[in-house]
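Reading the structure
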Amino acid sequence: MEEKIRTLLEQAKAELKSVANIQELADLKVKYLGKKSEFTALLKGLGELPVEQRPQMGNLVNAAKVEIEDLITDFENQMQAKELEEKLKKEKIDVTMPSNVQKIGSVHPITKIIDEVKDIFIGMGYKIADGPEIEKAEYNFDKLNTPKGHPARDLQDTFYITEDIVLRSQTSPVQARVMETEKPPIKIICPGTVYRSDSVDATHSPVFHQIEGLVIDKKVTMADLKGTLEMFAKKCLGENTKIRFRPHHFPFTEPSAEADVSCFVCGGKGCRVCKGEGWIELLGCGMVHPNVLRSCNIDPEEYSGFAFGFGVERIAMAKYGIDDMRLLFENDIRFLKQF
Ligand code: DAH
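Residues numbered from 1 in each chain as written. Predicted model: local features only at pLDDT ≥ 70, side-chain atom pairs only at ≥ 80, totals over all residues. Heavy atoms only, no water.

Before going further, it helps to examine the state of the cysteines. Overall, the coordinates contain zero disulfides when judged by the stated rule. The cysteine Cys 190 is free of any disulfide, with Cys 296 supplying the nearest cysteine sulfur at 14 Å. A relative accessible area of 0% places Cys 190 in the buried class. The thiol sulfur of Cys 285 is not disulfide-bonded, and the nearest other cysteine sulfur, from Cys 236, lies at 16 Å. Residue Cys 285 is classed as buried on the basis of its relative accessible area, which comes to 2%. (Disulfide = S-S within 2.5 Å. Buried < 20%, exposed > 50% of the residue type's maximum accessible area, 1.4 Å probe, protein only.)

By the definition in use, this model includes 17 salt bridges. Among the salt bridges present, the one from Lys 319 reaches Glu 116, with a minimum N-O distance of 2.5 Å. Placement of the pair is Lys 319 in helix H10 (residues 312-320) and Glu 116 in helix H5 (residues 109-123), with a sequence separation of 203 residues. Given the relative accessible area of 26%, Glu 116 is considered partly exposed. (Salt bridge = Lys/Arg side-chain N within 4 Å of Asp/Glu carboxyl O. Helix = DSSP H or I, 4+ residues; strand = E, 2+ residues; numbered from the N terminus.)

Another point: the site of the ligand. The local shell around the ligand holds 15 residues, among which Gln 170, Ser 172, Arg 196, Gln 210 and Glu 212 are the closest. The backbone of Ala 307 places a nitrogen or oxygen atom 3.1 Å from an oxygen atom of the ligand. At a separation of 3.4 Å, an oxygen atom of the ligand approaches a polar backbone atom of Phe 308. Here the ligand is seated within the largest pocket. When residues of the shell around the ligand are traced back to their parent elements, those giving at least two are strand E5 (207-217), strand E8 (279-288) and strand E9 (304-311). (Near = heavy atom within 4 Å. Polar contact = N/O pair within 3.5 Å; in protein donor to acceptor, adjacent residues only side chain to side chain. 1 Å grid on protein atoms, 1.4 Å probe; cavity = no way out; pocket = protein on both sides within 12 Å on 5 of 7 lines; lining within 4 Å. Sits in = over half its atoms within 2 Å of the grid points.)

Moving on to the packing of aromatic side chains. This model, assessed by the stated rule, comprises nine aromatic pairs. Look at Phe 121 and Tyr 126: their rings are 4.9 Å apart centre to centre, the planes differ by 75 degrees, and that puts the pair in the edge-to-face class. Centroid distance Phe 335 to Phe 339: 5.2 Å. Interplanar angle 65 degrees. Geometry classified as edge-to-face. By relative accessible area, Phe 335 is classed as buried at 9%. Members of the aromatic cluster, each reached through a chain of ring pairs, are Phe 121, Tyr 126, Phe 232, Phe 306, Phe 308 and Phe 310. Above the face of the Tyr 139 ring, Lys 143 is positioned so that its terminal group lies 5.3 Å from the ring centre. When the ring centre of Tyr 139 is taken as origin, the NZ or CZ atom of Arg 177, which lies over that ring, is 4.2 Å away. (Phe/Tyr/Trp six-rings, centres within 6.5 Å; stacked < 30°, edge-to-face > 60°. Lys NZ or Arg CZ within 6 Å of the ring centre and 35° of its normal.)

Moving on, we come to the nonpolar core. Side chains of a nonpolar character, in soluble globular proteins, are inclined to be buried together. Membership of the largest hydrophobic core comes to 43 residues, with the highest contact counts inside it found for Phe 232 and Phe 308. Ignoring any residue separated from it by four or fewer positions in sequence, one finds Phe 308 in contact with Phe 121, Ile 189, Ile 211, Glu 212, Gly 213, Leu 225, Leu 229, Leu 283, Gly 284 and Cys 285. Ranked by size, the runner-up nonpolar core spans 21 residues in total, among them Leu 144, Ile 216, Phe 250 and Ala 307. (Core = buried A, V, L, I, M, F, W, Y, C linked by side-chain atoms within 4.5 Å. Contact = heavy atoms within 4.5 Å.)

Taken in spatial order, the seven strands of this open sheet run E1-E4-E5-E9-E8-E7-E6, and their pairing is mixed. Sheet topology places strand E1 (127-128) and strand E6 (243-250) at the edges, where each strand pairs with a single neighbour. Where E1 and strand E4 (residues 186-195) come together, two bridges link them in parallel fashion. Counted as the bridge partner of Ile 128 is Ile 189 from E4. Contacting E1, E4, E5 and E9, H5 runs over the sheet at an angle of about 170 degrees to E4. Against the sheet, helix H7 (residues 173-181) engages E4, E5 and E9, with an angle of about 35 degrees to E5. (Pairing = 2+ DSSP bridges. Axes fitted to C-alpha atoms, helices over the stretch in contact; angles between N-to-C directions.)

Here we take up the pairing of E8. Taken across its ten residues, E8 has eight buried, putting it largely inside the fold. Alignment of strand E7 (residues 253-262) against E8, held across eight bridges, turns out to be antiparallel. Each bridged residue has a counterpart across the sheet, and for Ala 257 the counterpart in E8 is Cys 285. Bridge count for E8 against E9 is four bridges, and the pairing is antiparallel.

Where H7 is concerned, the buried positions are Pro 173, Val 174, Gln 175, Ala 176, Val 178 and Met 179. Where H7 is buried, its residues touch strand E2 (134-136), helix H6 (137-140), E4, E5, helix H9 (290-295) and E9.

Remark: helix H1 (residues 2-17) packs on helix H2 (residues 22-33), axes separated minimally by 11 Å, with the N-to-C direction vectors making an angle of 175 degrees. By the criterion of interaxial angle, the relationship of H1 to H2 is roughly antiparallel. Residues Leu 8, Gln 11, Ala 12, Glu 15 and Leu 16 of H1 touch H2, and the partners they reach there are Leu 25, Leu 28, Lys 31 and Tyr 32. (Parallel < 35°, antiparallel > 145°, perpendicular 65-115°, else oblique.)

This paragraph deals with the side chain of Arg 168. Looking at the secondary structure, you find Arg 168 in the loop between strand E3 (165-167) and H7. This buried residue, Arg 168, is left without a salt bridge; Glu 133 holds the nearest opposite charge, at 4.6 Å. Sequence-distant contacts of Arg 168, defined by excluding residues within four places in its chain, comprise Gly 131, Pro 132, Glu 133, Glu 135, Asn 140, Pro 173, Val 174, Gly 192, Thr 193, Val 194 and Tyr 195. (Lys, Arg positive; Asp, Glu negative; His and termini not counted.)

In structure tokens, the structure reads:
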């Protein structure tokens, strides 16, 4: 029996040497160590030996099995390592290959201006306010000292959903909403989309964006308004920007003004951007009309305030030298990726 064990062991070792892959190795394992293997048969046959020989033979068979098992495991590990190495070699990354470029969009110029303006005013202690785009005519007009019959309420001027509900034509109704719900001091800006019944051309669009500002407190004056707008213009358009006021009319402010900024491209000498004027019209503004304060339950004897409003497209066009407003709405990637 000893002889048989030794022969089997030698045979297994010899076969192991010629194993070429994992499958052959698995077959070899079954052949020598499986239930139907010769080693198992030998173990089963131990019972036929004389009792005193059984333990010794049993040990010999088991030792041979362990030896084969260890050899197989070693071989298996070696083969796996080799396979992994080959796989890694095949999967080697060629760092010189061009990558799959991920196309990431850019922030839309309108959003960029809105974010910039928000940052500037937040830096001056303002809060951001929001209001509905589908607005009651009452807030879009009446509370802003624009009673029925006023030309601004013309059907041509904005989109009417019903006689009393409009797509807001300006961000100014947010002023009224804030004044009604908050007690002064109030310091807000309100960016948002507004609508007008205008046909599309290079400088008009039925949908555009405005930013409204409102400050209400005791003893607020036109000087505060001018200082605030000057600070804003310098931060938004450059340190050397100057500001000038021209008298104007808005129903919700008295006195009212339009504010121009010195052209930030030519510095005021006159160029294509400012159309030779040296100045660019920036916004409408004024001291909040006492009627507006009253209609929002604020006592004009105790409080005063200023307000301003401007078109975001106008600023974006001036700042980035865009000569056609339609470019801002067409969303052509070739245009947008420049920002
Ligand atoms: N709402 C005005 C417009 O759409 C802009 C404006 C002017 C807003 C003067 C104001 C303001 O708050 O005081 O033309």
